[in-house]
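Observations on chain architecture
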Amino acid sequence: EMEHVLRAAEADTDVWTLVVTGNGRGFCSGADLKARAEAEKSGAGGSSPQPLFDMKYYYAIGFSQITKPVIAAVNGVTRGAGCNMAFAADFRILADTANFGVNFVERGLMGETSTWYLPRLVGHAKAAEICLLGEPFDAQQALAWGMATKVVPHDKLIDEAMALAAKLNSKAPVAVQMTKVALRR
């Protein structure tokens, strides 16, 4: 579903900026590892590995592959693959209630997307600490580390994200898109 939405937004000339947020108390709790394991056990998961950095499987990569800016309005709990989505966005507006857990190593996994984005956001040393220790951190820590655009009260999150989208939409769209492409290289 996410791949379809991103491809449709990229193709739609009336869409200039995307705002992504969670539904309910959290932004994204991560991939459903139990369902994936059950699918693989039953043979429904396919026998070949998922292609690395393919938007169909690693939807956070889609945020980089499209030319339009993506704003993550992080409204709460964000874990694992949800962190990948937030880190891949061009802007991160965080509710004061947001918290993160890059907990791949605790699950015996490698957070390939996080290991690519985090050093670019916070530097190698802090990225190593975040990825290798897997300890949770809150919105204020994310802001202090340079990971967030801003932290706002939870009830102002969508308003702030939409205000940023409006500001981006007031710029020349082709210039914004080409600048994003250049920044992502």
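Heads up: these notes are all about the structure in this document. (Residues numbered from 1 in each chain as written. Predicted model: local features only at pLDDT ≥ 70, side-chain atom pairs only at ≥ 80, totals over all residues. Heavy atoms only, no water.)

Another point: the sheet that holds strand E8 (residues 150–152). Spatially, 4 strands are ordered E1-E3-E5-E8 in an open sheet, and the strand pairing comes out parallel. Either end of the sheet is taken by a strand with one partner, and the two such strands are strand E1 (18–21) and E8. Neighbour-to-neighbour, the strand axes of the sheet open up by a mean angle of 20°, direction not taken into account. Where strand E5 (residues 91–95) meets E8, 3 bridges bridge the pair, whose relative direction is parallel. In the strand pairing of E8, Leu94 is matched with Val151. (Pairing = 2+ DSSP bridges. Helix = DSSP H or I, 4+ residues; strand = E, 2+ residues; numbered from the N terminus. Axes fitted to C-alpha atoms, helices over the stretch in contact; angles between N-to-C directions.)

This part covers the nonpolar core. Judged by nonpolar contacts, the single largest core of 36 residues is most densely connected at Phe87, Leu94, Phe100, Val102 and Leu118. Broken down by element, the residue count for this core peaks at 5 residues, all from helix H4 (residues 81–88). Ala73, Ala95, Val152 and Leu168 belong to the second-largest nonpolar core, a separate cluster that totals 10 residues. (Core = buried A, V, L, I, M, F, W, Y, C linked by side-chain atoms within 4.5 Å. Buried < 20%, exposed > 50% of the residue type's maximum accessible area, 1.4 Å probe, protein only.)

With mixed pairing, the 4 strands of this open sheet are ordered in space as E2-E4-E6-E7. Strands with a single pairing partner mark the edges of an open sheet, and in this sheet they are strand E2 (26–28) and strand E7 (137–138). The pairing of E2 with strand E4 (residues 77–79) spans 2 bridges and is classified as parallel. For Gly26, the partnering residue across the bridge sits in E4 and is Val77.

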